[in-house]
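Per-entry structural report
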Amino acid sequence: MAQRGGRELGTLAAGGAGGGSAVPTSAAEAANAELKGIQFRAVTAFNRLREDVGRLGTAADTVELRRRVADGSARFKGLAAEFKERAASHPARDSSAAQKLLRDFQSLLRSSERLMQTAKSKEAASLPRPARGGGPAAAGAAAQQQQSEAERAEQERAALLEAQRKQELLSVENALQFNEAIIEERDAAITEITGQIGEVGAGSWAGEQVACH
């Protein structure tokens, strides 16, 4: 997050002011207190940012959450820049108290760099969910989506009814064709039987005629 700031703070922590003139204790304590105040705010911002980054990629990952992550990152960067500026003008930068504050903040910067790398990986691996209660625009989009879904459902219902109607018509047509085939077979059978009866009758009549002669 703040590699350059971390290196600069490392330089400040590694090197002291040398053997300069003595600095009043009150001035050094006031500068240390100021750095501690900035450090406290930075730690608070880091903890909030870490909680939000932990929610990335979960069901709580929304557009609003990602905006908070971006804002939290910017807030932390601003506090890091403020700490660096105050540390550079510290009247007793080589004192053990000041050096400890610099080392602690440098460690916090390294943690923030790793945190933001994690945030980038999570954001690249998934998409945020739509924010709940996102105002008129979101409400309009939701209503439009519902309308589209309703229209699609109605179209699917109409298509299903049409398919059922065609199936019923096809069934009726098949039944009619089957009945016609049965009728034709029956007529053919009746015709064949009638013909056979006629042939038998004709043969009998011919036999009787021969017997009479």
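Before any of the text, the structure's been laid out above.
Residues numbered from 1 in each chain as written. Predicted model: local features only at pLDDT ≥ 70, side-chain atom pairs only at ≥ 80, totals over all residues. Heavy atoms only, no water.

This next bit is on the overall build of the protein. In terms of helices and strands, the protein carries five helices and zero strands. For the protein, the proportion of contacts with a sequence separation of at least 24, taken over those separated by at least 6, is 85%. If you sum the accessible surface of the protein, you get close to 14600 Å²; carbon and sulfur atoms cover 55% of it. (Helix = DSSP H or I, 4+ residues; strand = E, 2+ residues; numbered from the N terminus. Contact = heavy atoms within 4.5 Å. Areas by Shrake-Rupley, 256 points an atom, 1.4 Å probe, with all protein chains shown as cover.)

Attention now goes to the pattern of salt bridges. Applying the stated criterion across every chain yields a total of eleven salt bridges. Glu82 is the salt-bridge partner of Arg41, the closest N and O atoms lying 3.5 Å from each other. With Arg41 in helix α2 (residues 25-55) and Glu82 in helix α3 (residues 63-88), this pair connects stretches of sequence that are 41 residues apart. The salt bridge involving Lys100 is made with Asp104; its shortest N-O contact spans 2.9 Å. Taken together, the residues span about one helical turn, with Lys100 and Asp104 both in helix α4 (residues 96-125) at a distance of four residues. (Salt bridge = Lys/Arg side-chain N within 4 Å of Asp/Glu carboxyl O.)

Now for the side chain of Asp52. Inspection of the secondary structure assignment puts Asp52 in helix α2. At a separation of 3.2 Å, a polar atom in the side chain of Asp52 contacts the side chain of Arg68. Sequence-distant contacts of Asp52, defined by excluding residues within four places in its chain, comprise Leu65, Arg68 and Val69. (Polar contact = N/O pair within 3.5 Å; in protein donor to acceptor, adjacent residues only side chain to side chain.)

This part is about the nonpolar core. Formed by 23 residues in total, the largest nonpolar core has its most connected members in Val53, Phe83 and Phe105. Those elements that place two or more of their residues in this core are α2, α3 and α4. (Core = buried A, V, L, I, M, F, W, Y, C linked by side-chain atoms within 4.5 Å. Buried < 20%, exposed > 50% of the residue type's maximum accessible area, 1.4 Å probe, protein only.)

Looking now at α3. Spanning 26 residues, α3 covers 38 Å between terminal C-alpha atoms, matching the ideal 38 Å at 1.5 Å per step. Looking only at α3, the buried set comprises Leu65, Arg66, Val69, Gly72, Ser73, Phe76, Leu79, Ala80, Phe83 and Ala87. (Expected span 1.5 Å × (residues − 1).)

Looking now at the packing of α2 against α3. Here α2 crosses α3 at 160 degrees, and the two axes come no closer than 9 Å. By the angle between their axes, α2 is roughly antiparallel relative to α3. Our pair here, α2 against α3, has a crossing hand that is left-handed. From α2, Glu34, Leu35, Ile38, Gln39, Arg41, Ala42, Ala45, Phe46, Leu49, Asp52, Val53 and Arg55 reach across to α3, where they touch Leu65, Arg68, Val69, Gly72, Ser73, Arg75, Phe76, Leu79, Glu82, Phe83, Arg86 and Ala87. Considered class by class, the residues forming the contact of α2 with α3 number 13 nonpolar, three polar and eight charged. (Axes fitted to C-alpha atoms, helices over the stretch in contact; angles between N-to-C directions. Parallel < 35°, antiparallel > 145°, perpendicular 65-115°, else oblique. Left-handed = near helix turned anticlockwise from the far one by under 90°. Nonpolar A, V, L, I, M, F, W, Y, C, P; charged D, E, K, R; others polar.)

Considering the arrangement of structural elements, one finds Phe105 in helix α4. Look at Phe105 and you get buried, because its relative accessible area is 0%. Sequence separation of Phe105 and Leu35 is 70 residues, and the distance between their C-alpha atoms is 9.5 Å.

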